[in-house]
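Now for the letters of each chain:
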Amino acid sequence: MKELKRRLRSELSCVNMVFLSILAGACVLLGILFAISGVSGFVYWHTFQPKFGLPPFFMVLFWIIAYALFGACIAIALSAPRCQSEAARKRTAILAACALILCYVWIPVVYKAASFFLATLLAAVIVLCLAVLYSMLRRVSRLASFGILVFAVWMLYILCYTLALFLLNG
């Protein structure tokens, strides 16, 4: 346990906590804005939901936690002292931004347009982006890569959920 605490402190020692808080908060705020503008209650209540689907409150709660975790992990990775060159930081930031934008786009595609096939493809692309991001961050920060792995597990659930929506309603 002491070894884990020591590693955690060493990885967080160079992280700018203000930057981490701002990035995590911005990810959550943008997610909430997309959810407010991109959800139609009519679509949600008039589609067949899978048995393993979460109630709306928990779906929103887990999305908020996932966005905060994603933003925090990217902040940790970008401020890690072992982060490679400026070009590698730029690639990491661009890939993270693309994955985040695709996550934001998933919400209106599912809950407003009810295009479940497109949403399934979006979720699959997000999971692939996260796999690449994980491999990039693994060399930079174990803590950030673990957080991306947790976010990827959430996105795998979202992929299964969206595929089930497509199969039930398509």
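Residues numbered from 1 in each chain as written. Predicted model: local features only at pLDDT ≥ 70, side-chain atom pairs only at ≥ 80, totals over all residues. Heavy atoms only, no water.

**Student:** When you look at the environment of Leu-165 in this model, what are you seeing that I'm missing?
**Tutor:** Relative to the helices and strands, Leu-165 is located in helix α7 (residues 142-169). A relative accessible area of 1% places Leu-165 in the buried class. Leu-165 sits 55 residues away from Val-110 along the chain, and the two C-alpha atoms are 9.0 Å apart. Residues in contact with Leu-165, not counting those within four places in the same chain, are Phe-48, Gln-49, Pro-50, Val-110, Phe-116 and Gly-170. (Helix = DSSP H or I, 4+ residues; strand = E, 2+ residues; numbered from the N terminus. Buried < 20%, exposed > 50% of the residue type's maximum accessible area, 1.4 Å probe, protein only. Contact = heavy atoms within 4.5 Å.)

**Student:** Looking at this structure, I do not really get the packing of aromatic side chains. What am I missing?
**Tutor:** To describe a pair of aromatic rings, you give the distance between the ring centres and the angle between the ring planes. Across all of its chains, the model carries 14 aromatic pairs by this definition. Between Phe-52 and Tyr-157, the aromatic rings sit 6.0 Å apart at their centres with planes inclined by 75°, giving edge-to-face as the arrangement. In this pair, Phe-52 sits in the loop between α3 (41-45) and α4 (56-78) while Tyr-157 sits in helix α7, placing the two residues 105 residues apart along the sequence. Residue classification places Phe-52 among the partly exposed residues on the basis of a relative accessible area of 41%. Seen from their ring centres, Phe-70 and Phe-151 are 4.9 Å apart, and the 40° between their planes marks the pair as tilted. Taken together, the positions of Phe-70 in helix α4 and Phe-151 in helix α7 put the pair 81 residues apart, joining distant regions of the chain. Phe-151 carries the same exposure label as Phe-70, and that label is buried. (Phe/Tyr/Trp six-rings, centres within 6.5 Å; stacked < 30°, edge-to-face > 60°.)

Worth remembering: the numbers are spatial, not functional.
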